[in-house]
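# Coordinate analysis (summary)
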Amino acid sequence: MRTEWDLVDQEDPKFAVLLTDSYLRVVGAPLVSDVPAEDLARWLYRDAAFGLLAHRPEADPTFFYANQAAQRYFGYSWSEFVGLPSRLSAASPDRAERARLLDDVTRNGFSNDYRGPRIAKSGAQFWIEDATVWNLLDAEGRLHGQAAIFRSVTPD
């Protein structure tokens, strides 16, 4: 299923609003504070200390957004990340747990305090921690995918 966000610009202000508004609506807390609206998209992409990812609502979801922190942790550039099947962010044995997490998010709207193993482009494994995964819902309730924020990473 394709959405209007098929070609997201790295610093798209409308997409930044979708991320932050849907987080507030679904999770019930602000994603960020003290960032002026005119700086939000740039700040989320370039300056945020946390990893931030989004994938499409497809049977085999592909990433369509990854901020620079996520790119550093996973070792992919923007052009490599966008279009990458999100299942490849976890090693094969860990994909079943990742699938259970995403099913939980689909049912409940979000999952909080997640910790899970991930794999970088280099093959190095690491843990994302203090993660929240949520449904990207617009103000009309349309699903545009799922997003994840992870606030810390530890090596495997």
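Keep in mind it's a predicted model, so treat the numbers as computed, not measured.

## Quick notes on helix α2 (residues 40-47)
Among all positions of α2, only Leu40, Ala41, Leu44 and Tyr45 are buried. Viewed end-on, α2 has its buried residues packed into an arc of 120°, placing them on one side of the element.

## A word on the sheet that holds strand β2 (residues 63-66)
Across the sheet, which stays open at both edges, the 5 strands sit in the order β2-β1-β5-β4-β3 with antiparallel pairing between neighbours. Of all the strands in the sheet, just β2 and β3 (110-119) have a single pairing partner and so form its edges. Adjacent strand axes in the sheet meet at a mean angle of 30° when their direction is disregarded. Pairing between strand β1 (residues 51-55) and strand β5 (residues 143-155): 5 bridges, direction antiparallel. Counterpart to Gly51 in the pairing with β5 is Phe150.

## Remarks on unusual backbone geometry
For Asp34, which is not glycine, the phi dihedral falls at a positive 65°. With respect to the helices and strands, Asp34 occurs in the loop between α1 (13-27) and α2. Despite not being glycine, Asp130 has its phi angle at roughly 50°, a positive value. Positionally, Asp130 belongs in strand β4 (residues 125-137). We classify Asp130 as partly exposed; its relative accessible area is 36%.

## Observations concerning α1
The terminal C-alpha atoms of α1, which comprises 15 residues, lie 21 Å apart, in line with the 21 Å expected from a rise of 1.5 Å per residue. Buried within α1 we find Phe15, Ala16, Leu18, Leu19, Thr20, Ser22, Tyr23, Val26 and Val27. The secondary structure elements touched by the buried residues of α1 are α2, β1, β2, β3, β4 and β5. Between the side-chain oxygen of the N-cap and the backbone nitrogen of Lys14 there are 2.8 Å, and the N-cap of α1 in question is Asp12. Remark: Gly28 follows α1 within two positions and exhibits a positive phi of approximately 90°.

## Focus on the pattern of salt bridges
Summed over the entire model, instances satisfying the criterion amount to 8 salt bridges. Arg42 is the partner of Asp47 in a salt bridge, and the nearest nitrogen-oxygen pair spans 2.2 Å. The class for Arg42 is partly exposed, based on a relative accessible area of 30%. We note a salt bridge from Glu140 to Arg142, for which the minimum N-O separation is 3.2 Å. With a relative accessible area of 46%, Arg142 lands in the partly exposed category. In this structure, a network of salt bridges that share partners links the residues Asp138, Glu140 and Arg142.

Criteria and thresholds
- Residues numbered from 1 in each chain as written.
- Predicted model: local features only at pLDDT ≥ 70, side-chain atom pairs only at ≥ 80, totals over all residues.
- Heavy atoms only, no water.
- Buried < 20%, exposed > 50% of the residue type's maximum accessible area, 1.4 Å probe, protein only.
- Helix = DSSP H or I, 4+ residues; strand = E, 2+ residues; numbered from the N terminus.
- Arc of directions from axis to C-beta.
- Pairing = 2+ DSSP bridges.
- Axes fitted to C-alpha atoms, helices over the stretch in contact; angles between N-to-C directions.
- Expected span 1.5 Å × (residues − 1).
- Contact = heavy atoms within 4.5 Å.
- Polar contact = N/O pair within 3.5 Å; in protein donor to acceptor, adjacent residues only side chain to side chain.
- Salt bridge = Lys/Arg side-chain N within 4 Å of Asp/Glu carboxyl O.

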